Structures are given as C-alpha cells and as structure tokens.
Amino acid sequence: MSTAPSKGTVVPETVPASSLPPDTPSYDVVVVGFGIAGGCAALEAARTGARVLLLERAAVHGGTSSMSGGHFYLGAGTAVQQATGHDDSVEDMYEYLVAVSKEPEKDKIRVYCEESVAHFDWLEMLGFAFERSYYPEKAVIQPGTEGLMFTGNEKVWPFKDAARPAPRGHKVPVAGDTEGTKMVMDLLRDRCDEAGVEVRYETGATRLVVDESAATGPAVVGVAWKSFEQAGYVRAGGVVIAAGGFVMNPDMVAEHTPALAQNLFTLGSTYDDGLGIRLGQSVGAELKHMDEPFITAPVYPPSQLLTGIIVNRAGERFVAEDSYHSRTSQFVMEQPDSAAYLIVDSEHVEYPKFPLVPLIDGYETLEELESSLGLPTGSVATSLERYNDHAARGEDPDFHKGVEWLSPQGTGPWAVFDLRLGKAMYAGFTLGGMRVTVDGEVQRPDGSVVVGLYAAGACASNLAQDGKGYCSGTQLGEGSFFGRRAGRAAAVTRSPADR
C-alpha cells in the first residue's frame, strides 16, 4: 500500500502555499480518488481542455464503486423506460425525490432530474448500453441483465401519493449482484486515458495546500501527496475530493454512526477511511448528515414473504412491509433493542436461497409463538387479527401496504424470521459528507465556498441523506452526475495562467 488507511479523527494541517518549492509541478485540476465520482470529474475536466492529475491510493482504479452491482438511479424518460413502456417525467421524478429526502436540496434535485436523460446518454457513450428490458419482481437487484426495475419506495405510501411511481433503477448489463460497476469503471479508465488524464496509482493526497493571501479569501491551490516513501506537492487551479466515505474508520464511525459498529458487515473498500472528509474539514468545510448510515438486511426475495407482517418486541406492526429494504431496516433500528420479527403463515411462506434474515422456527399456534419469542401474551394474535380482517378487503389503514402484498396470514403453522440486530446479517455504509453547492463547491457553515475546493461522491452530501429515503442506484447516479459537474466547475475556474 502506498499510504496506509488513515484511522482516527485527526484533521490534517494545511500547507501554506508560500512554503512550496518554486519548481512544484502545476495542474489545472487535481482529482483525489478514482471511483465513479472521481473518474467522471477527471474525464469532464480533461474534456474542457484542462490538464488533469488523478491521484488514487490503491494500485488500481475503481474504489468502492467497482464492488457494487451497477445500479444507476435515473429517470424522466430514459431510453430504457421508453422501450419498456414506463412513462416518467421530470416532475414525477422531482416530486418523488423531494418527498423521500430528509432535507431536500431542491436545486440539486431539480437539475438531477432535468438532466437525467442526458446523463443516461453520457453514461452509455462511455461504451456500453443498458439492456432495454424490465425486471418486474421485488428484489434487491436484478439477478440477470435486465436494465430496469423499481429500486426505491416509489410504490410505497406516502410516496406513491406524492408522485406517479416509475421504475428508475438502471442496471448495467452484468448478471449478479456485485461488481457490475467494474465494467463501467474499466470503460471510464479507458476514456480518461484517451482524454489525457494523468493517473498516479498508489499515491494519496495527505494535506491541502492553501493560499491565505488570495484576494477572495483563503483558497485551496494544491495538495501534498505521498507514495510509499516518496512525498511531494502539486499546485492546482482546482482540487476535487472524491475519496469515499468513512465506514472503514472505526473512530469516525464511533463518533458519527455508532450503529454501524454493532455486528454489521461493512460495505466499503480499504480506503473508505474518511480522510477526504477530514481534508475538507481542514479548510472549514461544513459536514452534513454524518449521523445517517445506510443499514439493511433485506427480507426479500422471495417477495412472497412481504405478505406477512413485521412486529417489534411488543408484538405490534411498525412499518409497511413492502418498503424498500433499507427503509424497513431503519425502522427496525429504531425499535426497542433494534428487535423485530417477520411472521408468515404456511400458505405464503417461502424460504430464501441465501437468507440474510434467518428462520427462527415454525410455530403451530400463536400462543406458542408469543411464548417462545418472549412477546406479550395475545399481542401477535391481536396484530394478526386486525391485519387479516383488513387484508381480506384489500386494505391496510395502519401502514397502507400495497394491495398486491396484502393477504391474510391465518393458516398455521407460522414461520418466524429473525430481524434482530446481531441475528440478521445487516450490512451498511456511511452517507454523510461535506456540504457542497450544485456544482460541487465545498461550503462552510455560513454558506460561503472554499475557493478552489470541490467534492463529489460519498465524501460529499447530495441526494443520499438517510436510509429511509435511499434508493438503490442513488450513490452511483449522483456520484457520476455531480462528479461531472464538479470536474467541469473546477476546470472552468482554474487560474488563467494554467490554461
């Protein structure tokens, strides 16, 4: 490794620009991190004619992005939506994302929706095509190469009332649930090479170079770097940080998202250590949504299990069972002891091939079920009676579960699946990051921008804000989209002397 993963919460000191040697190399734009956001930022900057340096601590490109299945959250009438007969519009996509966001930044949501079709086209021009096909089942990700499926809460109340539902999870044509994005990253590497981006692997940024005498206030004008035993500096007209989240830094996790330290499988690469975020802090960046993790243990597929009910330790329902899996999981985290159980009767039970939520047992009577699980006597029986009465009429007045998932659960024995934290296999990653403008400019708490510094991807706060509102494909979608904007903005504002 060139630079060991940076643990702890220490904020690096900045380097005065006046201390740099006269022969320090200079670039128009320096990008830190070669995941989806950094790659797109570097490519867009280079295509404006900028001289671009891309630093990557790992020995290869890709970062955490390459580990993912390949969902991009796109809509407003993409070619795949049109080919599969799914009407969508800018307004429907906008209204949905506003409704599902914890603190919607409407300018970002608006431009993301308005330019979603163009961004879809841009992605395909990297050298691949999304398959013009639709996967109709409720799943975490398409098992095959189908190009489109629902990947959020579009059909879940109250969001289905806020905007007309449409599927927006666009998957790259790679079968399976992991490494689909690696294909995109390989193409992005090739396009960066064609555009003249200089890439240095096994080289990490360690500190930001700052000019305190700039007329517009303190400005970022370069970075310090390290590669094995070598170290140095580069000047830059603009610096784009795209260095990932902080799920692999136990100290930052303990400080901001302690739930991620509780028997979870962390989703990230070695260098998701929060260093990029701390580099931003060194020049006064405000951090947003740092306490909001993505945590999930999907109860589906098989989707038939969603006809059952999920109850807490009181034997009471608390969430619509057809919610997107991270939304359901976030509600579980909020229950006493983060405990919940999925109960399905013998007419509807199916068993997952790869169960992340394990089967506890089957129970001949509800009394036996309640007693064995330590739930209040009569609690599950009462919850099931109310649910079954309404489900028989196609109704769910308590949580408005979709009618296609409503079916009485009255035939014993009843299977119980374990959603308790520490029993189910929960996985997670971090969502918080630096506050940025719609063009990726890093902002301070007063809203002013740090001149010369931009951020995108998992170290920036854009659309992905919490687990309840997350949609699969959001981070790849926003990382690539806002990465492109950050790269262009950094290139356009570079010093005239460097043009």
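Look a little higher up for the structure.
Source: prediction; values computed, not measured.

Draft legend 1. Highlighting the overall build of the protein. The secondary structure content of the protein amounts to 13 helices and 22 strands. For the protein, whose C-alpha radius of gyration is 24 Å, the value lies close to the compact-globule estimate of 23 Å for 499 residues. Along the three orthogonal principal directions, the C-alpha set of the protein runs to about 80 × 45 × 40 Å. By residue count, 60% of the 499 residues in the protein fall in the buried class. Contacts in the protein between residues at least 24 apart in sequence constitute 75% of all its contacts with a sequence separation of at least 6. With an accessible surface of roughly 18,700 Å², the protein has 51% of that area assigned to carbon and sulfur atoms. Taking the average place of the 41 positive charges on the side chains of the protein and the average place of its 66 negative ones, the gap between the two points comes to 5 Å.

Draft legend 2. The arrangement of the environment of Arg393 in detail. You can see Arg393 is positioned in the loop between α12 (379–391) and β17 (414–418). Residues Arg393 and Arg435, spaced 42 residues apart in sequence, show a C-alpha to C-alpha distance of 47 Å.

Draft legend 3. Here's a closer look at the pairing of strand β3 (residues 52–56). For β3, the buried fraction is high: 5 of the 5 residues fall into the buried class. Going residue by residue along β3, you find Val52, Leu54 and Glu56 tucked away on one face and Leu53 and Leu55 tucked away on the opposite face as well. Across 4 bridges, the pairing between strand β2 (residues 26–32) and β3 is parallel. The residue bridging Val31 from the neighbouring strand is Leu54, located in β3.

Draft legend 4. Representation of the side chain of Lys171. Tracing the backbone through its elements, the reader meets Lys171 in strand β6 (residues 169–171). Although Lys171 is buried, it forms no salt bridge, and the closest oppositely charged side chain is Glu146 at an N-O distance of 6.0 Å. Beyond its immediate chain neighbours, meaning those up to four positions away, Lys171 contacts Gly69, Gly70, His71, Phe130, Ile141, Gln142, Pro143, Gly144, Glu146, Gly147 and Gly176.

Draft legend 5. Quick peek at the state of the cysteines. Enumeration over the complete set of coordinates arrives at 0 disulfides. For the unlinked cysteine Cys40, the closest cysteine sulfur is that of Cys192, found at 7.9 Å. Here Cys40 falls in the buried class, since its relative accessible area comes to 0%. The thiol of Cys459 is not disulfide-bonded; the next cysteine sulfur, from Cys40, is found 14 Å away.

Draft legend 6. Structural detail: the sheet that holds strand β12 (residues 287–288). Within the open sheet, the 3 strands sit side by side as β12-β19-β22. Their pairing is mixed. If you trace the sheet from one side to the other, it starts and ends with β12 and β22 (460–461), each paired once. Judged from the 2 bridges that link them, β12 and strand β19 (residues 433–435) form a sheet pairing that is antiparallel. Residue Lys288 lies in a different strand from β19, and its bridge partner there is Gly433.

Draft legend 7. Spatial organisation of unusual backbone geometry. At the junction of Pro301 and Pro302, the peptide bond is cis and its omega measures out at 0° in the coordinates. Its identity is not glycine, yet Phe228 carries a phi of approximately 55°, on the positive side. Mapping Phe228 onto the fold places it in the loop between β9 (219–227) and β10 (230–241). Residue class for Phe228 comes out partly exposed when judged on its relative accessible area of 37%. You will see that Ser338, though not glycine, has its phi angle at about 50°, which is positive. Position of Ser338 relative to the elements: it lies in the loop between α10 (325–333) and β15 (341–345).

Draft legend 8. Just helix α13 (residues 474–492), in detail. End to end, α13 covers 26 Å across 19 residues, agreeing with the expected 27 Å (1.5 Å per residue, within 8%). With 16 of 19 residues buried, α13 lies mostly within the body of the structure.

Draft legend 9. Expanded view of the sheet that holds strand β16 (residues 359–363). Read from one edge to the other, the open sheet built from 4 strands follows the order β14-β15-β17-β16, with strand pairing classed as antiparallel. Of all strands in the sheet, those bounded by a partner on one side alone are β14 (309–311) and β16. Neighbour-to-neighbour, the strand axes of this sheet turn through a mean angle of 25°, independent of strand direction. As judged from the 4 bridges shared by β16 and β17, these two strands associate in the antiparallel manner. Note on β17: the bridge partner recorded for Asp361 is Val416.

Draft legend 10. Molecular detail of the environment of Asp211. Here Asp211 shows up in strand β8 (residues 204–211). Under the relative-accessibility criterion, Asp211 is labelled partly exposed at 23%. Taking C-alpha positions, Asp211 is 21 Å from Arg435, a pair spaced 224 residues apart along the chain. Leaving out residues up to four positions away in the same chain, Asp211 has contacts with Ala17, Gly217, Pro218, Ala219 and Val221.

Draft legend 11. Quick peek at the environment of Ser213. Among the structural elements, Ser213 can be located in the loop between β8 and β9. By relative accessible area, Ser213 is classed as exposed at 64%. When the C-alpha atoms of Ser213 and Ser18 are compared, they prove to be 9.5 Å apart, with 195 residues separating the residues in sequence. Looking at Ser213, its side chain comes within polar contact range of the side chain of Asp211, at 2.7 Å.

Draft legend 12. Structural view of empty space enclosed by the protein. All chains considered together, the criterion is met by 1 cavity of 30 Å³ or more. Lining the largest cavity are 15 residues, and of these Leu97, Ser101, Leu463, Gly469 and Thr474 sit closest to its centre. Counting only elements with at least two residues in the lining of the largest cavity, the list comes to α3 (90–100) and α4 (106–114). Taken together, the residues of the lining of the largest cavity break down into 9 nonpolar, 4 polar and 2 charged.

Draft legend 13. Layout of the packing of aromatic side chains. Tallying each qualifying case throughout the model produces 11 aromatic pairs. Both rings, one in Tyr96 and one in Phe159, keep their centres 6.2 Å apart while their planes meet at 80°; by these two values the pair is edge-to-face. Of this pair, Tyr96 sits in helix α3 while Phe159 sits in helix α6 (residues 159–162), and the two are 63 residues apart along the sequence. You can call Tyr96 buried: its relative accessible area is 2%. Seen from their ring centres, Phe128 and Phe130 are 5.0 Å apart, and the 70° between their planes marks the pair as edge-to-face. The residues Phe128 and Phe130 share a single accessibility class, namely buried.

What counts and how
- Residue numbers run consecutively from 1 along every chain, following the written order of its sequence.
- Local features in a predicted model are, by the rule used here, given only for residues with pLDDT of at least 70; side-chain atom pairs are given and counted only at 80 or more, and totals for whole chains, interfaces and linings are based on all residues.
- Hydrogens and water molecules were not included; the side-chain quantities draw on all heavy atoms of the structure.
- Helix and strand definitions here come from DSSP, where helices need a minimum of 4 consecutive H or I residues and strands a minimum of 2 consecutive E residues; each element is numbered from the N-terminal end.
- Our radius of gyration is a C-alpha quantity, and the globule rule it is checked against amounts to 2.2 Å times the number of residues to the power 0.38.
- Exposed residues in this analysis have more than 50% of their type's maximum accessible area, buried residues have under 20%, and partly exposed residues fall in between, with area computed by a 1.4 Å probe over protein chains only.
- By the convention used here, residues are in contact when the closest approach between their heavy atoms is within 4.5 Å.
- Only the protein chains shown count as cover for residues, and the accessible areas themselves come from Shrake-Rupley with a 1.4 Å probe.
- As used throughout, the charge tally considers Lys and Arg to be positive and Asp and Glu to be negative, leaving His and the chain termini uncounted.
- Here the site of a charge means atom NZ of a Lys, CZ of an Arg, CG of an Asp or CD of a Glu.
- One bridge is not enough; two strands pair if DSSP finds at least two bridges between them.
- Here a salt bridge means any side-chain nitrogen of Lys or Arg lying within 4 Å of a carboxyl oxygen belonging to Asp or Glu.
- Count a disulfide wherever a pair of cysteine sulfur atoms falls within 2.5 Å.
- Each residue after the first adds 1.5 Å to the expected span of a helix.
- Axis definition: a line fitted to C-alpha atoms, limited for helices to the stretch in contact. Angles are taken between N-to-C directions and run from 0 to 180 degrees.
- Side-chain atoms alone can form a polar contact between residues adjacent in sequence; in general such a contact is a pair of N or O atoms within 3.5 Å, and within protein one must be able to donate a hydrogen while the other accepts it.
- In this analysis, the protein atoms alone were mapped onto a 1 Å grid. Cavities are point sets where a 1.4 Å probe fits without being able to get out; pockets are open sets with protein on both sides within 12 Å along at least five of seven lines; lining residues have an atom within 4 Å of a point.
- Grid points are joined across faces, edges and corners, and a volume is the space filled by probe spheres set on the points.
- Gly is put with the polar residues, along with every residue not named as nonpolar or charged; the nonpolar set is Ala, Val, Leu, Ile, Met, Phe, Trp, Tyr, Cys and Pro, and the charged set is Asp, Glu, Lys and Arg.
- Within 6.5 Å between ring centres, the rings of Phe, Tyr and Trp (the latter by its six-membered ring) count as paired, and their orientation is classed by plane angle as stacked under 30 degrees, edge-to-face over 60, tilted in between.

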